[in-house]
Amino acid sequence: MRCVGWVYAFCVAAALFSGGSPTVASHQTDPLPSSSQLSGGAYPEKFLYFSGFDLWRSGGSFYGGVQWAPRGLNEDGFTLKLLLAEGSYRYLAGSTSIRGTSLLASALPGWRIKRSDFEIKLFAGLDLQNHRLSPDDPGNSLRGNHAGVRVAADLWWEPTTSLMLASSISGSTIGSSFGVRGAAGWRVMDRFWTGPEAETSGDEVYRQYRIGAHLTSLKFAAFEWSLGAGYVDDNSHRSGLYGRVGLLTRR
């Protein structure tokens, strides 16, 4: 089966940059909005740095990047997201097991809209990917270099002071790949959010499904951690566990 397994980690979620101090989906996968009312909330700076990793039975991904909001992360308006990722994945071509490695780079201009306790960020831009296969699979249209368009959206809503709802969606014209994630969280000791999460992702021939739990915006000093873990299954019948760790900071 031809697939891009590593893309399904989408999102983003951690950072380690600048001045001895360390976004996706993001990926927790979506960094906590700078408008959060947690007592350990982020400062209204212009840069959000993120990096992290995601592991599951058939592969894993490592990713990092930055969001830049020239008017400030707390303000409505233009936002630019830059993302770099590397991953590995496995799939079956007939009875042959193929190991793929991937590189991705995306530059996504976007716009932030904040209304009361509701926030949405919309992005669209250039997506570059490279896929290397071992052994080679000539029937896989994703082998080699590709350029396409990626669109994404991140949503955060706090309907009450103790409840949050978050979702993210991403899609690329390369392989018609996509990822959709939803999560709910409850405030714990005014320090972090925790609750269930669910995700589905895939491309033209592959589907992956996840259900688990997350911990979001566990803040220490200038850094915010996110964690996720649970059960994963796909249409290659490779079920198992997944784990995700992210770290982010704002400057």
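Everything below is about the structure printed above this text.
Criteria and thresholds
Residues numbered from 1 in each chain as written. Predicted model: local features only at pLDDT ≥ 70, side-chain atom pairs only at ≥ 80, totals over all residues. Heavy atoms only, no water. Helix = DSSP H or I, 4+ residues; strand = E, 2+ residues; numbered from the N terminus. Buried < 20%, exposed > 50% of the residue type's maximum accessible area, 1.4 Å probe, protein only. Core = buried A, V, L, I, M, F, W, Y, C linked by side-chain atoms within 4.5 Å. Pairing = 2+ DSSP bridges. Axes fitted to C-alpha atoms, helices over the stretch in contact; angles between N-to-C directions. Salt bridge = Lys/Arg side-chain N within 4 Å of Asp/Glu carboxyl O. Phe/Tyr/Trp six-rings, centres within 6.5 Å; stacked < 30°, edge-to-face > 60°. Lys NZ or Arg CZ within 6 Å of the ring centre and 35° of its normal.

Caption draft 1: Structural context of the overall build of the protein. Helix and strand content of the protein: zero helices and twelve strands. Mapped from its N terminus to its C terminus, the protein presents α and β elements in the order β-β-β-β-β-β-β-β-β-β-β-β. For the protein, with 251 residues in total, the buried portion stands at 53%.

Caption draft 2: Fine view of the nonpolar core. By size, the foremost hydrophobic cluster in this structure holds nine residues: L48, F50, Y63, A69, L73, L83, A85, L104 and L248. Contributions of two or more residues to this core are made by β1 (47–56) and β3 (77–93).

Caption draft 3: Region of the structure containing the sheet that holds β1. With respect to topology, twelve strands assemble into a closed barrel ordered β1-β2-β3-β4-β5-β6-β7-β8-β9-β10-β11-β12, the strand pairing being antiparallel. Strand after strand, the sheet turns through a mean of 15° between neighbouring axes, direction not considered. Alignment of strand β8 (residues 178–188) against strand β9 (residues 192–202), held across nine bridges, turns out to be antiparallel. If you follow R181 over to β9, its bridge partner there is E199.

Caption draft 4: Examining the pattern of salt bridges more closely. For the structure shown, the criterion picks out twelve salt bridges. Residues D76 and R112 are paired through a salt bridge, measuring 3.5 Å at the closest nitrogen-oxygen approach. With D76 in the loop between β2 (59–68) and β3 and R112 in strand β4 (residues 96–115), this residue pair connects regions lying 36 residues apart in the sequence. According to the relative accessible area criterion, R112 is buried, its value standing at 2%.

Caption draft 5: Layout of unusual backbone geometry. Omega for the peptide link from S134 to P135 comes to -5°, which places this bond in the cis form. Considering the arrangement of structural elements, one finds P135 in the loop between β5 (118–134) and β6 (144–160). With phi around 50°, S176 is a residue other than glycine that occupies positive phi space. By the secondary structure assignment, S176 is in the loop between β7 (163–172) and β8. The phi angle at S217 is positive, at roughly 65°, despite the residue not being glycine. Take S217: its relative accessible area is 3%, and that puts it in the buried class.

Caption draft 6: Expanded view of the packing of aromatic side chains. Applying the stated criterion across every chain, the model contains five aromatic pairs. Both rings, one in F47 and one in Y49, keep their centres 6.1 Å apart while their planes meet at 10°; by these two values the pair is stacked. Note on Y49: relative accessible area 17%, which makes it buried. Judged by centre distance (6.1 Å) and plane angle (80°), the rings of W156 and W193 are edge-to-face. In this pair, W156 sits in strand β6 while W193 sits in strand β9, placing the two residues 37 residues apart along the sequence. Taken as a pair, W156 and W193 share a single burial class, namely buried. Site record: aromatic cluster; members linked through ring pairs are F47, Y49, W68 and F78. It is K81 that lies over the ring of F123; its NZ or CZ is 4.6 Å from the centre.

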